[in-house]
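Read off the chains here:
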Amino acid sequence: PITIEKISDNHSCYRDPGTPFAAALRQSVAKVRRRPAQFCVSTGFNDMHFFANELRIPTLGYGPGGLDFHAIDERAKIKDLVNTATIYTDLLTTFAG
């Protein structure tokens, strides 16, 4: 016999881009990338719903971009990875939340 056990419960998650946390991320992106941030809806799954809905902490998804996300040949430019780390660092050290 085969047993199927549910191991997670995944839900979509929307966060308002008008929040103070979104404004702080927008400012960090503009500071590092020298262009305005653009918010959109992610088509993929991540743990954002858990942090936002269960832990009730300010949450947004942000990444370096690239090609073939989460595929065997996923690629991102080194400069974009470094910029993303710098944006996270700026956000974490400036957001008073």
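Let us look at the structure shown here. (Residues numbered from 1 in each chain as written. Predicted model: local features only at pLDDT ≥ 70, side-chain atom pairs only at ≥ 80, totals over all residues. Heavy atoms only, no water.)

1. What to know about the environment of A24
Point 1. Residue placement: A24 occurs in helix α1 (residues 20-33).
Point 2. Residue class for A24 comes out buried when judged on its relative accessible area of 11%. (Helix = DSSP H or I, 4+ residues; strand = E, 2+ residues; numbered from the N terminus. Buried < 20%, exposed > 50% of the residue type's maximum accessible area, 1.4 Å probe, protein only.)

2. Considerations on the nonpolar core
The tendency in soluble globular proteins is for nonpolar side chains to be buried side by side.
Point 1. By size, the foremost hydrophobic cluster in this structure holds seven residues: F21, A24, L25, V29, A37, I87 and L91.
Point 2. Of all the secondary structure elements, the ones that give two or more residues to this core are α1 and α3 (78-94).
Point 3. Residue contributions to this core peak at four residues, all from α1. (Core = buried A, V, L, I, M, F, W, Y, C linked by side-chain atoms within 4.5 Å.)

3. Here we look at the packing of aromatic side chains
Point 1. The full count for this structure, using the stated rule, is three aromatic pairs.
Point 2. Judged by centre distance (5.1 Å) and plane angle (70 degrees), the ring pair of F21 and F95 falls under edge-to-face. Of the two residues, F21 sits in helix α1 while F95 sits in the segment after α3, which places them 74 residues apart along the sequence.
Point 3. A relative accessible area of 16% places F21 in the buried class.
Point 4. On the basis of an interplanar angle of 75 degrees and a centroid distance of 5.5 Å, the ring pair of F50 and F51 is categorised as edge-to-face.
Point 5. Overall, the relative accessible area of 38% leaves F50 in the partly exposed class. (Phe/Tyr/Trp six-rings, centres within 6.5 Å; stacked < 30°, edge-to-face > 60°.)

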